[in-house]
Structure formats: structure tokens, C-alpha cells
Amino acid sequence: QVQLVESGGGTVQAGGSLKLSCAGEISSDIKYCVGWFRQAPGKEREGVTTIFYGDSSTTYADAVKGRFTISQDNNMNTVYLEMNNLKPEDTAKYYCAAYGGWRPCYLDRSEYKYWGQGTQVTVS
């Protein structure tokens, strides 16, 4: 069983920064991919970035490359999303998700079995 909880969302002006956290309890007998996804009203949920819990290798959607950074703590129980130079198009509810797998981790939401409840990010 995997439980994920996101936090850190809020409202920020364009060009500002925000850092999200994803706290997870993950079984030690499985290697996991952890990803951040976002969903704006009326749109499909899209992949933002992923990290592999084995070696911290990462992938990024083109829309956030150079602006967002995903990382994990040394205990591998928390994954962060550092969001810089935010744009209004980044406004969405951000979700943390995970699945048991191997790198490279997928940005396709269909691969992810476990999901948090999301945290709202609004850029004005």
C-alpha cells in the first residue's frame, strides 16, 4: 500500500516561485517512480516531471524544462517540486503519484497506480 500527501500549493504572481512536497509511505521491497501531474479545469491531467526512487534520475515535460526541478530527500520518503519562473499557464491542481517500475519513469498518467489528493497552484 502506498499513501501520498501533497502540500505547498498556493497563489503566486507570474515569475514567482513555489515549492511543493509529496510525503509518501512506500513499501521497501519495490522500486518506484514518483511523478508530479497537474490538471487545469476542463483539461486532461498531464505529466509534469518524474523521479526514480532508485537513482534519482528524472524526466520533465517540455513545458516546464528549465523552470521546475524534482528532487527527493535522503530518506526517500519525500519528493519535492521546485517551481520557478511560474507562468499563468502553470495554474492547475498538482498531484503526486507513484507506481512500481523501473527507470526511465513514464509521464503517462495511466502508468500510475497511487495518487495523492492534490494541491492547488494558482499563478496570476
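Residues numbered from 1 in each chain as written. Predicted model: local features only at pLDDT ≥ 70, side-chain atom pairs only at ≥ 80, totals over all residues. Heavy atoms only, no water.

**Topic: the pattern of salt bridges**
Should their charged atoms come close, side chains of opposite charge can pair. Where we set the bar: Any Lys or Arg side-chain nitrogen located within 4 Å of an Asp or Glu carboxyl oxygen qualifies as a salt bridge. Residue burial is assigned from relative accessible area. The probe radius is 1.4 Å, only protein chains are included, and a residue is buried under 20% of its type maximum, exposed over 50%, and partly exposed in between. Going along the chain from the N terminus, every DSSP run of H or I of four or more residues is numbered as a helix, and every run of E of two or more is numbered as a strand.
Per the stated rule, a full pass over the model turns up five salt bridges. The partner of K65 in a salt bridge is D62, with the nearest N and O atoms 3.0 Å apart. Taking relative accessible area as the criterion, D62 reaches 64% and is therefore assigned exposed. Linking D90 and R67 is a salt bridge whose minimum nitrogen-to-oxygen distance equals 2.7 Å. Remark: R67 occurs in the loop between β6 (58-60) and β7 (68-72) and D90 occurs in the loop between β8 (78-83) and β9 (92-100); sequence separation between them is 23 residues. The exposure classification of D90 matches that of R67, with both residues buried. In the salt-bridge network here, residues are joined through shared partners; they are R38, E46, R67 and D90.

**A look at the pairing of strand β11 (residues 119-123)**
For a regular strand, the rule is simple: side chains alternate between the two faces of the sheet. Threshold: By this definition, two strands are paired if DSSP reports at least two bridges between them.
On β11, burial follows the alternation: T119, V121 and V123 on one face are buried, whereas Q120 and T122 on the facing-out side are not. As paired elements, strand β2 (residues 10-12) and β11 share three bridges and run parallel to each other. Paired with G10 across the strands is V121, a residue of β11. Looking at chain direction, β9 and β11 are connected through three bridges and run antiparallel. Within β11, the residue paired with Y94 across the bridge is T119.

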